[in-house]
Amino acid sequence: MYNWVSMIARQAEIGSGRLTRHMEKRLIEQARSGSEEAARVLVDAHKDRLFAFVWRILRDHEESEETCQEAFLRAFSSLDSFSPKYRFSTWLFTIGYRLCLNHIRRRKLLTGEVDWSGMPSGEQDVSEMLAESEEARRLKDEIWGAVDKLSVPQRAAVLLFYREGMSCDEVAKTLGIPMATAKSHLHRARARLRDSLAGLVKDWSQVQLLREAAS
Amino acid sequence: MITCQDARQLFDRYLDGELSPALQTELHAHQLSCPMCQSELAMLEACGDVVALDRCEPSLSESFTDRVLLARRSQLVPRPRRWGRMVLLVGSPMAAAASILLAFMLIVPSTPQVNRTAVLGPRDGGIVAAPTSVQEAMKLTRAEDRSEQAERELADTPPMPAVGFMEALLARVVEQSQDGVEGVRGSVAELELLLRQSVLAASEQLVAQGESTRGKGATNDAPADRPIPDLEFLGPPGLNPEPASEPTPHLLLLDPL
């Protein structure tokens, strides 16, 4: 018997790792009826993106893993109430973001109290699309440092907008805020990034952080 | 041509992808002539590129998916079937009602079998409300229709036990309690009698002892006056047949002297 769930999983691996809307809908239906294989494909397709998002907010590996696990469990336990007009990723990121906020409230971690010693070093594996020079690595670390100094809603808005490629409307839905507020978070985040990074480079238009930009 | 201030106000809309083509052209034209605005916009774009593409976060542990699925499996509780819910919803009240009815039947004393047709009489014809209790049936019988047949049947009815189940049970307990009370009363009377006898015997013994000492001639020795025998009245004479010639150590300890 041909297993279409395995087929979808293979397609997701071959492609960009993201599921099409149709695949996602079928997987959710199967997971809702108790299919563990479908649930596994959904977890594998979203876990890295969700973890990156959560880790950027919490900055703690163990807590981020626990939060991701809780987000998946909550998503699976309330699949009956999931509306197919939304993307599963949007829903999952919404749950993850709220869990992050709860977590931050619990440990009373403010943005200014972030431990900067935990910043990623240049020795970590980076995408092959990034320039490999030491100067580029330093600038990328500076940019991440500036991103980490943003407030939690601003950081979440930046991550969802740039990394997840969400529109302002999707960011607003994911964060559960009006679109005007989401835009405000995004614009203020850019202003703060501009202030933080202004003195680093004389002319940013000459900086080649990415190979793609250089070509 | 737009100014630097105008250009900066357009940055966000441009980066959001919401700038109209006409304004985009204006912005690009300004950038060509303004290196500062060009650098600033390049910086914001570089930030976006790094956030989007620089994957420098730590990776998840390999067992993450298995852990999630294991936790999900433990969360999945088999749902009760609908008929099971129906049994719970309908069966429970029915069982409760049946229990109450059974208890009522046990508690209510057994009723004499009264022929309803005889009680109500054939002339009633129509539907008559059923008597709710034996008392009502009896009232109806007496007041309305004292037919001979009904009286005969009532006379033939064996005498109704005066008590129901609970009363019979309680009667047994009461009977046992009464027996117990009688027994206790008897024991108390015996004890009282024994005490009276012992007091009498002790006082007689004391009188006899006093007479004998007077006859021998009284001395002033304190040990002779010690009322050791007085302590013996604590027990009935039959229980301690030994004479109290020598006081036992514990009696000496109790001696107030």
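Residues numbered from 1 in each chain as written. Chains lettered and ligands numbered in written order. Predicted model: local features only at pLDDT ≥ 70, side-chain atom pairs only at ≥ 80, totals over all residues. Heavy atoms only, no water.

A.B. asks: Sorry if this is basic, but what is going on with the overall build of chain A here?
C.D. replies: For chain A, the count of helices and strands is 10 helices and 0 strands. The linear arrangement of helices and strands in chain A, starting from the amino end, is α-α-α-α-α-α-α-α-α-α. Look at the contacts in chain A between residues 6 or more apart in sequence, and 66% of them connect residues 24 or more apart. With an accessible surface of roughly 10,800 Å², chain A has 48% of that area assigned to carbon and sulfur atoms. (Helix = DSSP H or I, 4+ residues; strand = E, 2+ residues; numbered from the N terminus. Contact = heavy atoms within 4.5 Å. Areas by Shrake-Rupley, 256 points an atom, 1.4 Å probe, with all protein chains shown as cover.)

A.B. asks: Please explain the packing of aromatic side chains as it appears in this structure.
C.D. replies: Under the defined criterion, the tally for this structure stands at 7 aromatic pairs over all chains. We note Arg56 of chain A situated over the ring of Trp144 of chain A; from NZ or CZ to the ring centre the distance is 3.3 Å. (Phe/Tyr/Trp six-rings, centres within 6.5 Å; stacked < 30°, edge-to-face > 60°. Lys NZ or Arg CZ within 6 Å of the ring centre and 35° of its normal.)

A.B. asks: Whenever I open this one, the side chain of His46 of chain A confuses me. Can you help?
C.D. replies: For His46 of chain A, the location among the structural elements is in helix α3 (residues 36–58). Judged by its relative accessible area of 2%, His46 of chain A is buried. (Buried < 20%, exposed > 50% of the residue type's maximum accessible area, 1.4 Å probe, protein only.)

A.B. asks: Is there a simple way to explain a nonpolar patch on the surface in this structure?
C.D. replies: On the surface, a nonpolar cluster with roughly 290 Å² of combined accessible area is contributed by Leu102, Leu106 and Ile107 of chain B. On the accessibility criterion, Ile107 of chain B (48% relative accessible area) is partly exposed. (Patch = residues over 30% accessible without salt bridge, like charges linked within 9 Å, V, L, I, M, F, W, Y side chains within 5 Å. Salt bridge = Lys/Arg side-chain N within 4 Å of Asp/Glu carboxyl O.)

A.B. asks: How should I be thinking about the interface of chain A and chain B in this particular structure?
C.D. replies: By a widely used convention, the size of an interface equals the accessible area lost when the partners come together. At the junction of the two partners, chain A supplies 54 residues and chain B supplies 38 residues. With both chains or domains summed, chain A and chain B bury close to 4,300 Å², and 61% of this area falls on carbon and sulfur atoms. Our count for the contact surface shared by chain A and chain B stands at 10 salt bridges. Summed over the shared surface of chain A and chain B, the number is 21 residue pairs in polar contact (both at pLDDT 80 or more). Within the residue set of the side of chain A that touches chain B, elements represented by two or more residues are α3, α4 (61–77), α6 (134–148), α7 (152–163) and α9 (179–197) of chain A. Among the elements that make up the side of chain A that touches chain B, the one with the highest residue count is α3 of chain A (11 residues). Grouping the amino acids of the side of chain A that touches chain B by side-chain chemistry returns 28 nonpolar, 9 polar and 17 charged. (Buried area = accessible area lost by both parts, 1.4 Å probe. Polar contact = N/O pair within 3.5 Å; in protein donor to acceptor, adjacent residues only side chain to side chain. Nonpolar A, V, L, I, M, F, W, Y, C, P; charged D, E, K, R; others polar.)

A.B. asks: I tried to follow the state of the cysteines on my own but got confused; where do I start?
C.D. replies: A covalent bond bridging the sulfur atoms of two cysteines is what the word disulfide describes. According to the stated counting rule, one finds 0 disulfides over all chains in the structure shown. Not engaged in a disulfide, the cysteine Cys68 of chain A finds its nearest cysteine sulfur in Cys100 of chain A; these two sulfurs lie 7.6 Å apart. Its relative accessible area of 1% is what places Cys68 of chain A among the buried residues. Cys4 of chain B takes part in no disulfide bond, and the closest cysteine sulfur to it belongs to Cys34 of chain B, at a distance of 3.5 Å. (Disulfide = S-S within 2.5 Å.)

A.B. asks: I would appreciate a short explanation of the nonpolar core in the present structure.
C.D. replies: Note that soluble globular proteins tend to have their nonpolar side chains buried in a common cluster. Within the largest apolar cluster, 85 residues are counted, with the highest numbers of intra-cluster contacts made by Phe53, Ile57, Phe76, Phe88 and Trp204 of chain A. Counting residues domain by domain, this core receives three or more from each of domain 1 (2–107) and domain 2 (124–211) of chain A. The contact partners of Trp204 of chain A, leaving out residues within four places of it in the chain, are Leu139, Ile143 and Leu197 of chain A together with Ser39, Ala42, Met43 and Ala46 of chain B. (Core = buried A, V, L, I, M, F, W, Y, C linked by side-chain atoms within 4.5 Å. Domains from an automatic or database assignment.)

A.B. asks: Is there a simple way to explain the confidence of the model for chain B in this structure?
C.D. replies: Low pLDDT marks stretches whose predicted atomic positions should not be read closely. Residue and element names in this part refer to chain B. Averaged over all residues, the pLDDT of chain B is 70; the fraction at 70 or higher stands at 54%. The spread of mean pLDDT over the elements of chain B runs between helix α11 (residues 249–254), the lowest at 44, and helix α1 (residues 4–15), the highest at 91. Low pLDDT, under 50, characterises residues 217–257; the stretch is placed with 21 contacts to residues that sit more than four places away or in other chains. With pTM at 0.53, the complex prediction returns an ipTM value of 0.74. (pLDDT = per-residue confidence, 0-100.)

A.B. asks: Mind showing me how you'd approach the environment of Ala38 of chain A here?
C.D. replies: Along the chain, the position of Ala38 of chain A falls in helix α3. Measuring from C-alpha to C-alpha, the distance between Ala38 of chain A and Ile28 of chain A comes to 7.3 Å, with 10 residues separating the pair along the chain.

A.B. asks: So what exactly am I meant to see when it comes to the packing of α7 of chain A against helix α3 (residues 35–53) of chain B here?
C.D. replies: Axis angle and axis distance: for two packed helices, these are the angle between their axes and the distance between the axes, and together they describe the pair. Between α7 of chain A and α3 of chain B, whose axes approach to 8 Å, the crossing angle comes to 80°. Here α7 of chain A lies roughly perpendicular to α3 of chain B, going by the angle between them. On α3 of chain B, the residues that touch Val158, Leu159, Tyr162 and Arg163 of chain A of α7 of chain A are Gly48, Val51 and Ala52 of chain B. Counted by class, the contact of α7 of chain A with α3 of chain B contains 5 nonpolar, 1 polar and 1 charged residues. (Axes fitted to C-alpha atoms, helices over the stretch in contact; angles between N-to-C directions. Parallel < 35°, antiparallel > 145°, perpendicular 65-115°, else oblique.)

A.B. asks: Looking at this structure, how should I read unusual backbone geometry?
C.D. replies: Glycine aside, the phi torsion of most residues is negative, and most peptide linkages are trans. The backbone of Arg59 of chain A shows a phi angle near 55°, a positive value even though the residue is not glycine. Inspection of the secondary structure assignment puts Arg59 of chain A in the loop between α3 and α4.

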